Amino acid sequence: MESNRKIGAADAEDEGKGTPSGSQTLFRGLDVIDAVAEGAIALPALSERLSLTKSTTHRLASALVERGYLTFVAREGYSLGPKLLELGWVAHQQMHIPSLARPHLEQLAAATEDTVHLGILDGFQALYLDKVPGRRRVVIGSRVGERHPIASTGLGKALILDHDEAAWREFYEAQGSSVGLAVWLERMRAYAAKGYAFDLEENEDQIRCVAAPIRGASGEIVAALSVSSAAQYMSDARMEGLTGQVTDIATAISRELGWSERAGRRRPRRKT
């Protein structure tokens, strides 16, 4: 009830200025959360950043503290609260990657006229969650629900770009590849630096693909997508040309999952 009283006071102040009280207060509260998300901040600095009076800023922040959206520590200021962790987890659970990604996959398939796959890491294999066929008369031997080797597929390699070389060796040794380990590791280093991966007919004869990772809110790779086609449509030059489209779509999906450039990349924790 106290939080309602505090917000009501802010509303009254807004009404005196002739602004829409409810929506104005809501937006100001969201602005407070956005500002605090950049790091712990004291009241004077928060007030200055939001261009609000200290009294208004204090009322908004206090209401958010009371509801658990912010916390307050003396001499440190305001920081994000446990309620946001709770809501973030609920949002994460509610997000179904295939349904969220599907419009983007269809867009990419239409733009390239090639087959697009979506997959996740499942042990030492890539589990295919979705497939959008292309317009070309090219048969791609994959099905939703199938598992494919990590080391020999572009999508699989994209899923492990953030792993260290010790982990790469484990993935390679699990099922091998038509490419020798030294060459494969050299390619993985280049892929990791560029943020995308290729399949150069390693998994299926005469089939090539370009793949890129999809990141979650924490910055960790949670899925990957790929564009696959017959080698005759996938010259080296075209594959390089596709990397921009593929990574742009992967980034768009990542952003819908809560990722931002600020989150960057996050290396996966090694299992012990």
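The residue count restarts for each chain, going from 1 along the sequence in the order it is written. Only residues with pLDDT of at least 70 get local features here, since the model is predicted, and only at 80 or more are side-chain atom pairs given and counted; chain-wide, interface and lining totals rely on the full set of residues. Neither water nor hydrogens contribute to the side-chain values; these are computed over all heavy atoms in the structure.

1. Observations concerning the overall build of the protein chain
Part 1 of the reasoning: Strands are runs of DSSP state E lasting at least 2 residues, helices are runs of H or I lasting at least 4, and numbering of each runs from the N terminus. From N to C terminus, the protein chain includes 10 helices and 8 strands.
Part 2 of the reasoning: Burial here depends on accessible area, computed with a 1.4 Å probe over protein chains only, as a share of the maximum for the residue type. Under 20% is buried, over 50% is exposed, and the range in between is partly exposed. Burial status across the protein chain gives 43% buried among its 272 residues.
Part 3 of the reasoning: We call two residues in contact when some of their heavy atoms are within 4.5 Å. Taking the contacts inside the protein chain whose residues are at least 6 apart along the sequence as the reference set, 58% of them involve residues at least 24 apart.
Part 4 of the reasoning: If you sum the accessible surface of the protein chain, you get close to 14100 Å²; carbon and sulfur atoms cover 52% of it. Surface accessibility in these figures is a Shrake-Rupley result with a 1.4 Å probe; residues are shielded only by whichever protein chains are displayed.

2. Re the side chain of S229
Part 1 of the reasoning: Mapped onto the secondary structure, S229 falls in strand β8 (residues 221–230).
Part 2 of the reasoning: Residue classification places S229 among the buried positions, given a relative accessible area of 1%.
Part 3 of the reasoning: Whenever a nitrogen or oxygen atom comes within 3.5 Å of another N or O atom, the pair is scored as a polar contact, on the condition that within protein one atom can donate a hydrogen and the other can accept it, and that pairs from neighbouring residues in sequence are kept only if both atoms are in side chains. At a separation of 2.8 Å, a polar atom in the side chain of S229 contacts the side chain of D114.
Part 4 of the reasoning: Beyond its immediate sequence surroundings of up to four residues, S229 is in contact with D114, R136, V138, I140, Q206, I207, R208 and M234.

3. What about helix α3 (residues 43–50)?
Part 1 of the reasoning: For α3, the set of buried residues is L46, S47 and L50. Take α3 and look down its axis: the buried residues cluster within an arc of 100°, on one side only.
Part 2 of the reasoning: At the C-terminal side of α3, S51 shows a positive phi close to 60°. Arc definition: it is the arc formed by the directions from the helix axis to the C-beta atoms.

4. Concerning the confidence of the model for the protein chain
Part 1 of the reasoning: Think of pLDDT as the predictor's per-residue confidence, scored from 0 to 100. Mean pLDDT for the protein chain: 87, with 87% of residues reaching 70 or above.
Part 2 of the reasoning: Element-level pLDDT for the protein chain is lowest in helix α1 (residues 2–16), with a mean of 42, against a maximum mean of 97 in helix α7 (residues 154–159).
Part 3 of the reasoning: Counting interchain partners and residues more than four positions distant, the pLDDT-below-50 stretch residues 1–20 has 30 contacts.

5. Points about a nonpolar patch on the surface
Part 1 of the reasoning: A patch is a set of surface residues, each over 30% in relative accessible area and not in a salt bridge, joined within 9 Å for like charges and within 5 Å for the nonpolar side chains Val, Leu, Ile, Met, Phe, Trp and Tyr. Between Lys or Arg on one side and Asp or Glu on the other, a salt bridge is scored when a side-chain nitrogen of the former is within 4 Å of a carboxyl oxygen of the latter. Among the surface-exposed residues, L26, F27 and L30 lie close enough to one another that they form a single nonpolar patch of about 310 Å² accessible area.
Part 2 of the reasoning: Structurally, F27 can be placed in helix α2 (residues 21–36).

6. So, the pairing of β8
Part 1 of the reasoning: Within β8, 9 of the 10 residues are buried, which leaves it mostly tucked inside the rest of the structure.
Part 2 of the reasoning: Pairing geometry for strand β3 (residues 115–122) and β8, over 5 bridges, is antiparallel. In the strand pairing of β8, V116 is matched with V227.
Part 3 of the reasoning: Note on pairing: two strands pair once DSSP finds at least 2 bridges between them. Here 9 bridges tie strand β7 (residues 207–215) to β8, and the two strands are oriented antiparallel to one another. Following the sheet pairing, A211 is matched in β8 by S226.

7. What to know about helix α10 (residues 236–256)
Part 1 of the reasoning: The end-to-end C-alpha separation of α10 is 31 Å, in line with the 30 Å expected for 21 residues at 1.5 Å each.
Part 2 of the reasoning: Along its length, α10 shows its largest kink, about 30°, at L242.
Part 3 of the reasoning: Along α10, the residues classified as buried are M239, L242, T243, V246, I249, A250, I253 and S254.
Part 4 of the reasoning: Contacts made by the buried residues of α10 are with α6 (97–112), β6 (197–200), β7 and β8.
Part 5 of the reasoning: Just beyond α10, the residue with positive phi is G258, at close to 105°. Multiplying 1.5 Å by the helix residue count minus one yields the expected span of that helix. Given a residue, its bend is the angle between the two axes fitted to the seven residues that end at it and to the seven that start from it.

8. What about the packing of α6 against α10?
Part 1 of the reasoning: In this description, a line fitted to the C-alpha atoms serves as the axis of each element, helices being fitted only across the stretch in contact, and the angle between N-to-C directions of two axes falls anywhere from 0 to 180 degrees. Relative to each other, α6 and α10 sit at 160°, their axes nearing to 10 Å. Viewed along their axes, α6 and α10 adopt a mutual orientation that is roughly antiparallel. The way α6 lies across α10 gives a crossing that is right-handed. Contacts from L100, A101, H104, L105, Q107, L108, A111 and T112 of α6 reach α10 at R238, L242, Q245, I249, A252, I253 and E256.
Part 2 of the reasoning: In the scheme used here, Gly and all other residues not listed as nonpolar or charged are polar, with Ala, Val, Leu, Ile, Met, Phe, Trp, Tyr, Cys and Pro taken as nonpolar and Asp, Glu, Lys and Arg as charged. Of the residues that constitute the contact of α6 with α10, the class distribution is 9 nonpolar, 4 polar and 2 charged. If an angle is under 35 degrees, it is roughly parallel; if it is over 145, roughly antiparallel; if it lies from 65 to 115, roughly perpendicular; otherwise it is oblique. The hand of a helix crossing depends on one turn: near helix anticlockwise from the far one by less than a right angle means left-handed, and clockwise means right-handed.

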